[in-house]
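Spelled out, the chains give:
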Amino acid sequence: MEEYSKLIEGLNPCVDLFITETLCSVREVRAACEALSAVPRPLFIGVSVKDDGSNRLRSGEDLQAALDVAKNYGFIRGLLVNCSSPAAVGAALPLLKAAAMEIGRDAEETVRIGGYANLFKVSRRAGAPPPPAPAPTPAGAPGRPSSPPPPPPPQQTTDEWLGGEAPAVTTEDGDYSGDVMTPAGYAKHVASWIEAGATVVGACCGSTPAHIQACRAAITASA
Ligand SMILES: [Zn+2]
């Protein structure tokens, strides 16, 4: 929190609002909010989530836990997901929306939601671990009590995550140029976010001015 306090102290005379980008854990969200409580100024919280649409922070904690912390701070005016896959941003929007409505109602202010994704092909990202190999199952091992298999993890489609509020966007190979999503491919995601209630959109790592232009076009088309 001391780190955040130092940054806020230095920036505060010069800014209208603060945006925290790429917060990866509940602890970081809490520290940023606590540090800003001393000022306070309008704050847009930006968190980074796992790319698989599971609505978990990079730390592995639930996005909802971070939002539950954020709800305690009435100066929050925006909830964003950044530097995550476009699909993960879309999957997070219903949670952001519910939390924003709660904060906005208590503070009697509008709390915006939105996001700006990174553009890299997730499956080829450097450092991504390979999927775990299935454990070998000894067939008919005598004298060993077999434990029941663990229940399968709950599966939810992107449609279910979005709660029917926006069409799921399927990313196809044609949406990529090499390992980077094209502006046209990205525009499809941005349009779905706007449809789901996003009013702050942009593009993060890997983006070019053409991606920002695609965001602008999606905003204009939605008006
Ligand atoms: Zn980024």
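Thresholds, definitions, all that
Residues numbered from 1 in each chain as written. Predicted model: local features only at pLDDT ≥ 70, side-chain atom pairs only at ≥ 80, totals over all residues. Heavy atoms only, no water. Salt bridge = Lys/Arg side-chain N within 4 Å of Asp/Glu carboxyl O. Buried < 20%, exposed > 50% of the residue type's maximum accessible area, 1.4 Å probe, protein only. Donors = N, O, S within 2.8 Å, 3.2 Å for Na, K, Ca; no water. Helix = DSSP H or I, 4+ residues; strand = E, 2+ residues; numbered from the N terminus. 1 Å grid on protein atoms, 1.4 Å probe; cavity = no way out; pocket = protein on both sides within 12 Å on 5 of 7 lines; lining within 4 Å. Points joined across faces, edges and corners; volume = space filled by probe spheres on them. Pairing = 2+ DSSP bridges. Right-handed = clockwise from strand over helix to strand, strands pointing away.

Chemist: Looking at this structure, I do not really get the pattern of salt bridges. What am I missing?
Modeler: Think of it this way: side chains of opposite charge can pair up when their charged atoms draw near. For the structure on display, the rule yields 6 salt bridges. Of the charged contacts in the structure, one is a salt bridge between Lys71 and Asp68, with a shortest N-O distance of 3.0 Å. Residue Lys71 is classed as partly exposed on the basis of its relative accessible area, which comes to 22%. When salt bridges with common partners are traced through the structure, they connect Asp68, Lys71 and Glu102 into a single cluster.

Chemist: Before we go on, may I ask you to explain the coordination of the zinc ion in this structure?
Modeler: Each pair of donors in an ideal octahedron of six around a metal sits at 90 or 180 degrees, and each pair in an ideal tetrahedron of four sits at 109.5 degrees. Summarising the metal site, the zinc ion is bound by the protein donors Cys83 (SG), Cys204 (SG) and Cys205 (SG), whose distances to it range over 2.2 Å. Taken in sequence order, the residues that donate to the zinc ion follow the motif C-x120-C-C. Placement of the pair is Cys83 in the loop between strand 3 (76–82) and helix 4 (86–107) and Cys205 in the loop between strand 7 (200–203) and helix 7 (209–222), with a sequence separation of 122 residues. Among the residues examined, Cys205 registers a relative accessible area of 35% and is labelled partly exposed.

Chemist: Before we go on, may I ask you to explain empty space enclosed by the protein in this structure?
Modeler: Where empty space is left can be seen by rolling a probe of water-molecule size over the atoms. What the rule picks out here adds up to 1 cavity of 30 Å³ or more. Computed from the structure, the largest cavity encloses a volume of approximately 50 Å³. Lining of the largest cavity is provided by Val29, Ile45, Val47, Leu63, Ala66, Leu67, Ala70, Leu79, Leu80 and Leu96. Only strand 2 (43–47), helix 3 (63–70) and strand 3 provide two or more residues apiece to the lining of the largest cavity. Looking at which element gives the most residues to the lining of the largest cavity, the answer is helix 3, with 4 residues.

Chemist: What should I look at first to understand the pairing of strand 3 in this one?
Modeler: A large share of strand 3 lies buried, amounting to 7 of its 7 residues. Inspection of the sheet shows strand 2 paired to strand 3 by 5 bridges, in the parallel sense. Within strand 3, the residue paired with Phe44 across the bridge is Gly78. Note that the unit made of strand 2, helix 3 and strand 3 has a crossover that is right-handed. The pairing of strand 3 with strand 4 (residues 112–117) spans 5 bridges and is classified as parallel. Within strand 4, the residue paired with Gly78 across the bridge is Arg112. On the question of chirality, the crossover connecting strand 3 to the parallel strand 4 by way of helix 4 is right-handed.

Don't take any of this as a statement about function, it's just geometry.
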